[in-house]
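Fold and geometry: a report
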Amino acid sequence: MNLMPTPELPLILSGRDVTAVLGPTNTGKTHLAIERMLAHQTGMIGLPLRLLAREVYNRVAERVGLANVALITGEEKIQPPGARYAVCTVEAMPRQTDVDFVAIDEVQLANDLERGHIFTDRILHLRGRQETLLLGAATMRGILEKLLRGISVVTRPRLSNLAYAGSKKITRLPPRTAIVAFAADEVYSIAELIRRQNGGAAVVMGALSPRTRNAQVDLYQSGDVDYLVATDAIGMGLNLDVDHVAFAQDRKFDGYQFRDLSPGEIGQIAGRAGRHLRDGTFGVTGQVSGFSEELVQRVESHNFDSVKILQWRTARFDFSSIDALKRSIDTPAPVEGLTRALPAVDQQALEYLSKDPDIAPLANTPERVALLWDVCALPDYRKIAPAQHADIIASIYTDLVKHGHVNETYMGEQVHRADTTDGDIDALSRRIAQIRTWTFVSHRPGWLADQAHWQEKTREIEDRLSDALHERLTKRFVDRRTSVLMRRLRENTMLEAEISPAGDVVVEGHHVGRLDGFRFTTDSQIDGTDAKAVKAAAQKALATEFDNRAERFAASANGDFALASDGTLRWIGAPVASVVSGEQPLKPRAVLLADEQLTGPARDKVAARVDRFLAHHVDTVLKPLVDLANADALVGITRGLAFQLVENFGVLQRRDVAEDVRGLDQDSRAALRRLGVRFGAYHVFLPALLKPAPAGLLTLLWALKEDAKDRPGYGDVVQVLSAGRTSVVTDPAFDPSFYRLGGYRLLGRRAVRIDILERLADLIRPALAWKPGVGTRPDGAYDGTRFVVTPAMMSILGATADDMEEILKNLGYRSEATDATVVSAKVAELDAVAQTTAPQETAKAASTTPAAEPVGDPIVKPVVEAVEAVAVAVAEEASAPVAETAAAPAVAEEAPKPVLLWRQAPRFEGRHNNNNRRSQGARENQREPQARNGNAPGEERQGRPNRNAGPQGEQRGERRDFRGKGSKPVGADRFKQDGGKPSGKPQQHGKRPEREERPVKIDMDSPFAKLLALKEQMKK
């Protein structure tokens, strides 16, 4: 190496054998240069970007083979022995070469403030032996003709038209668009927006490593994404399939200041739109205002200001000392048209190191000064402060001077810091910039003891970091799922779809959503137009699945369906229909929950299967009610009563239908009983409906009819019924109708199950029917007209004494507080009488009863045994009240609390009592049918109709039976046994007239008929 100052080589001002191929983008200049180079035995081509150099290298290698092509950049050198062609970055091109052909691309960069002096040097000094091509914009024609006299200039027209498309929102940009911005933050934000709206975008920036940029360009070129967000790096000869270029920014930082883009720069970038013969467009987006008409005309016609001067720096360096070197670098331009370049990174580093007290003494010979200048050429990939960059150069230079090579421990530490793929995009970008610095060092001749090792090591780390960065960029800015689906849609190809048993839909390997029944739901993480694209792709892929699923649906068993409490019909867990009210309560309709894609015969099959299941479900769960509605054999009053039961969902208060019940004959009652109807003391109802499933369905049907699914308490009462609660404290916020539909009766602040109320009536009835001196006193009986609440009554209701008081009052009973001592004495007296008469009655019964059991009916026998067991239990406990009464004065300091004696309340009592403020429920229940003469109001006695059934009959009996204070009801025998109708004869007091015994037609389905048969058997 010649280290002493040499005379400045004369500028080659002759243009002989030099051809300038000039024109706008998309004129095929680079393609022409490759073809011309391959026409020679040897050649070299210089390109502005490492990325573009790699692209051209691959193209040339495909033509002549890898063994014949070298790739030379600042960070990468592939130099096969005997290579005939070299593809280089302009910075890596030598100043002199011995090849037949030389081409320099994008020569207009000679005007660039940062890199221009390198392009100018190669333009002026580098020549091929046979041919030299200078490729660039038409703006270079004047300056080239001025500097290189005799140069041959060839202009090439653009192969396609370029037109201005105005301003558009980013979300409205057409596919195959490149969006240009000049700040990394702006590039990232635009890419994020594109991902959300259009599936994703590739990112190309100068700060990315070449490998990462290649991967991002491939992502765009392959069609995986339709958008490219880039800096002005795309204007440097990258061959991209871009149809539209949109400027999101029109200002950039050129290394020294922020400035507006020149018309030539806009034209260079916009010219990337269109490829070969395909026309292109350009425009603005984001915050950029529209281009002026003059600017648009210049870009469309490629009419830009000519380049007047080129950046220049001397190639004659004086290495005698650092100061001499600095002076030589400042040599002014020798000819007009050249201007001295501003201080570049290497010159700034030299300026800093020349003042370093540790470095300056080391550069004490021309060789060491030359070495210092060589080390200062280290690129600042990290774009850090000049002082920080100079510190790295100082460390390298010190090692080279003292040890002859870079300290491997120091090198290893620096490389190790970058050797991790953790972190976000910015962190990976910083590590790539750091490792690129050491990749450059590893390729400098003589700088490392084991150069090959470090070249391999740094290359491997850079590749791994670049791949990780590409992955992060893709993950952040590209929705692979959407991009793949959109590409398949554009290609109009058949999409591959898979559906998991859980309903997850996977199209082309990407999860796109769920198919629930016949409705497709897009993945929740997809939104905007992205969701529309995914849904369109999924529907196309699922076109045949809907038909296949409809076939399986139509053939499904009833067990595959379930009707939820909210009215949603589900098929194997997936919602397929919503139940709505029909013209009749027991015939609801179903509205399919299906996408529009389910059409034609497939939809008809699904609808028909839904209707069949819904009808079957109602008929099964509400069978007693449906049978009652379809009982065409019922006529007259019986038919009317059945209709009312159906209309009221299986429950009627007996007082509301008292007249109809009295009008029923035994055949009618038997017919209704066979259909599941029970005539209770307080209600006429269907016991089979007092279960959670029927109650839930009834609640749903009523709520659909009344549009009441949103009312408070919907579904809550059914849950109470499912828990087995016989009574519950009511919630004032609940709609009262829900209690009735759940099988409960509102009685004050508690709701009691209807069938439990009938069991309560069964306990009260014998207590009121018992007469003193006649048989053993039943539990709770007092004097034949009153009774006391027993633990058994409270137990079946799950209620306290206070609750029982409120319940009985609302049922129409009235209480009388009596001294506990008096009650105990009375009970003891009654039980004592019962004990003296019991042996006589027992003997009489034994003498009249055959030795063999007369009745072996399986229904009657348990009833008789149960009655006998109760009688024995009561007899054993008969003496307990007496003992307690006798002991009470001795152990109790206070008088016992009064005992409430309950009795039936006559209709007029309370009606004329203005001071008795009762709840509405109590007033409604005032006329409840009560037990009289051993029978529950409304129940048949020994197979005969009760002519006092219902509130009106009960009131009629009360009017006839009350003859003043203390009088007792005579009983139901004042009415003729002719179906419950009165005889019409005047009332006679005293001895009752003899009645003609008429044969009674007994309903053998009635349990009372069994008791009647037993009684007749015992009389014999």
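Going by the structure above, here's the rest.
Residues numbered from 1 in each chain as written. Predicted model: local features only at pLDDT ≥ 70, side-chain atom pairs only at ≥ 80, totals over all residues. Heavy atoms only, no water.

**Quick word on the packing of helix 7 (residues 263–270) against helix 8 (residues 293–301)**
Two quantities define a packed helix pair, namely the angle between the helix axes and the distance between the axes. Filter applied, for reference: Angles run from 0 to 180 degrees between N-to-C directions of axes, and those axes are lines fitted to C-alpha atoms, restricted for helices to the stretch in contact. Comment: elements are numbered from the N terminus, with helices defined as DSSP H or I runs of at least four residues and strands as E runs of at least two. Oblique is the label for any angle not under 35 degrees, not over 145, and not in the 65 to 115 range, which are roughly parallel, roughly antiparallel and roughly perpendicular in turn. Handedness of a crossing is defined here by the sense of rotation of the near helix relative to the far one, left-handed for an anticlockwise turn of less than a right angle and right-handed for a clockwise turn. The contact definition used throughout considers only heavy atoms, calling two residues in contact when any of these lie within 4.5 Å. Gly counts as polar in this scheme, as do all residues outside two lists: the nonpolar Ala, Val, Leu, Ile, Met, Phe, Trp, Tyr, Cys and Pro, and the charged Asp, Glu, Lys and Arg.
Their axes nearest at 9 Å, the elements helix 7 and helix 8 cross at an angle of 55°. Considering the angle they form, helix 7 stands oblique to helix 8. Note on packing geometry: the crossing formed by helix 7 with helix 8 is right-handed. Of the residues in helix 8, those touching helix 7 at Pro263, Ile266, Gly267 and Ala270 are Leu295, Arg298 and Val299. A class-by-class count of the residues in the contact of helix 7 with helix 8 yields 5 nonpolar, 1 polar and 1 charged.

**Overview of the sheet that holds strand 32 (residues 750–753)**
Inclusion rule: Between any two strands, at least two bridges found by DSSP are needed for them to pair.
What the 3 strands build is an open sheet, ordered 30-32-31; its pairing is antiparallel. Only two strands of the sheet have a single partner each, and these edge strands are strand 30 (727–729) and strand 31 (744–747). On average, adjacent strands in this sheet sit at an angle of 25° to one another, irrespective of strand direction. Sheet topology note: the strand 30/strand 32 ladder contains 3 bridges and is antiparallel. Bridge pairing in strand 32 links Val728 to Ala751. Across the sheet, helix 27 (residues 754–769) is in contact with strand 31 and strand 32; its angle to strand 32 comes to roughly 80°.

**Describing the nonpolar core**
Proteins that are soluble and globular tend to have nonpolar side chains buried together. Stated formally: Throughout this description, the term nonpolar core refers to a set of buried Ala, Val, Leu, Ile, Met, Phe, Trp, Tyr and Cys residues connected via side-chain atoms within 4.5 Å. Accessible area is worked out with a 1.4 Å probe on protein chains only. A residue is then buried under 20% of its type maximum, exposed over 50%, and partly exposed in between.
Core analysis: the biggest nonpolar cluster contains 70 residues, and Phe518, Leu622, Leu628 and Leu672 have the highest contact counts within it. For this core, the element with the most residues is helix 24 (residues 692–706), which contributes 8 residues. For Leu622, the contacting residues outside a window of four places in its chain are Leu586, His617, Leu689, Pro694, Leu697, Leu698 and Leu701. Membership of the second largest hydrophobic core comes to 66 residues, among which are Ala370, Ile392, Leu448 and Leu465.

**Overview of the pattern of salt bridges**
Side chains that carry opposite charge are capable of pairing whenever their charged atoms lie near each other. As a reminder, the rule being used: We count a salt bridge whenever a side-chain nitrogen from Lys or Arg sits within 4 Å of a carboxyl oxygen from Asp or Glu.
Scanning the entire structure with this criterion turns up 45 salt bridges. With its nearest N and O atoms 3.3 Å apart, the salt bridge here joins Glu336 to Lys146. In this pair, Glu336 is assigned in the loop between helix 9 (322–329) and strand 18 (338–340) and Lys146 in helix 4 (residues 141–147), connecting sequence segments 190 residues apart. For Lys146, a relative accessible area of 37% gives the class partly exposed. Arg176 serves as the salt-bridge partner of Asp226, at 3.3 Å between the closest nitrogen and oxygen. Here Arg176 lies in the loop between strand 9 (162–167) and strand 10 (177–180) and Asp226 lies in the loop between helix 6 (210–221) and strand 12 (227–230), a separation of 50 residues in the sequence. For the pair Asp226 and Arg176, one class covers both residues: buried.

**Examining the packing of helix 11 (residues 366–376) against helix 12 (residues 386–403)**
For the pair helix 11 and helix 12, the least separation of the axes is 10 Å and the interaxial angle reads 145°. Two packed elements cross with a definite hand, and for helix 11 against helix 12 that hand is right-handed. Mapping the contact onto sequence places Arg368, Leu371, Leu372, Val375 and Cys376 in helix 11 and Ile393, Ile396, Tyr397, Leu400 and Val401 in helix 12. Partitioned by chemical class, the residues of the contact of helix 11 with helix 12 number 9 nonpolar, no polar and 1 charged.

**Details of the side chain of Asp783**
Threshold: N or O atoms closer than or at 3.5 Å make up a polar contact, with two conditions inside protein: a donor-capable atom paired with an acceptor-capable one, and, for residues adjacent in sequence, both atoms drawn from side chains.
Note on placement: Asp783 falls in the loop between helix 27 and strand 33 (786–787). Exposure remark for Asp783: the relative accessible area of 19% places this residue in the buried category. Side chain to side chain, Asp783 and Arg786 meet in a polar contact 2.8 Å long. Asp783 has contacts with Pro772 and Lys826, leaving out every residue within four places of it along the chain.

**Some words on the sheet that holds strand 25 (residues 574–584)**
A sheet is described by the order of its strands in space; here 4 strands give the open sequence 23-24-25-26, paired in antiparallel fashion. Each end of this open sheet is capped by a strand with a single partner; those strands are strand 23 (561–563) and strand 26 (587–592). With direction set aside, neighbouring strand axes in the sheet form an average angle of 30°. Sheet topology places strand 25 next to strand 26; 5 bridges connect them, and they run antiparallel. Note on strand 26: the bridge partner recorded for Val580 is Arg589. Helix 19 (residues 600–621) rests against strand 23, strand 24 (568–571), strand 25 and strand 26 of the sheet, and its axis sits at about 150° to strand 26.

**Looking at empty space enclosed by the protein**
Where empty space is left in the structure can be found by rolling a water-sized probe over the atoms. Where we set the bar: Any residue with an atom within 4 Å of a point lines the site, the site being either a cavity, points on a 1 Å grid over the protein atoms alone where a 1.4 Å probe fits but cannot get out, or a pocket, an open set with protein on both sides within 12 Å along at least 5 of 7 lines. Grid points are joined across faces, edges and corners, and a volume is the space filled by probe spheres set on the points.
Under the definition given, this model contains 3 cavities of 30 Å³ or more. There is about 80 Å³ of room inside the largest cavity. Looking at the largest cavity, the residues that line it are Asn648, Phe649, Gly650, Val651, Leu686, Leu689, Leu690, Leu698, Arg740, Leu741 and Gly743.

**Things to note about the packing of aromatic side chains**
Basically, it comes down to this: Only centres within 6.5 Å qualify two rings of Phe, Tyr or Trp (six-membered ring in Trp) as a pair; their planes then separate them into stacked at under 30 degrees, edge-to-face at over 60, and tilted for everything else. By definition here, charges over rings are those cases where NZ of Lys or CZ of Arg is within 6 Å of the ring centre and within 35 degrees of the ring normal.
Across all of its chains, the model carries 18 aromatic pairs by this definition. Both rings, one in Phe518 and one in Trp571, keep their centres 6.1 Å apart while their planes meet at 10°; by these two values the pair is stacked. Here Trp571 lies in strand 24 and Phe518 lies in the loop between strand 21 (510–516) and strand 22 (519–522), a separation of 53 residues in the sequence. Judged by its relative accessible area of 0%, Phe518 is buried. On the basis of relative accessibility, which here comes to 7%, the residue Trp571 falls in the buried class. In this structure an aromatic cluster arises from ring pairing among Phe518, Phe553, Phe561, Trp571 and Phe613. Of note, Arg176 hangs over the ring of Tyr220, and the distance from its end group to the ring centre comes to 3.9 Å. The ring of Trp447 is capped by Arg444, whose NZ or CZ atom sits 5.6 Å from the centre of that ring.

**Section: the pairing of strand 3 (residues 69–72)**
The alternating pattern of strand 3 places Val69 and Leu71 and Ala70 and Ile72 on opposite faces, both of which are buried. Note: strand 3 against strand 5 (residues 85–89), 4 bridges, orientation parallel. What sits directly across from Val69, in strand 5, is Tyr85. Sheet topology note: the strand 3/strand 4 (residues 77–78) ladder contains 2 bridges and is antiparallel. Bridging from a neighbouring strand, Leu71 pairs with Ile78 of strand 4. Adjacent in sequence and paired antiparallel, strand 3 and strand 4 are bridged by 4 residues.

**A closer look at unusual backbone geometry**
One non-glycine residue with positive phi stands out, namely Arg176, at about 60°. Unusually for a residue other than glycine, His302 sits at a positive phi of about 60°. Within the element layout of this structure, His302 appears in the loop between helix 8 and strand 17 (310–312).

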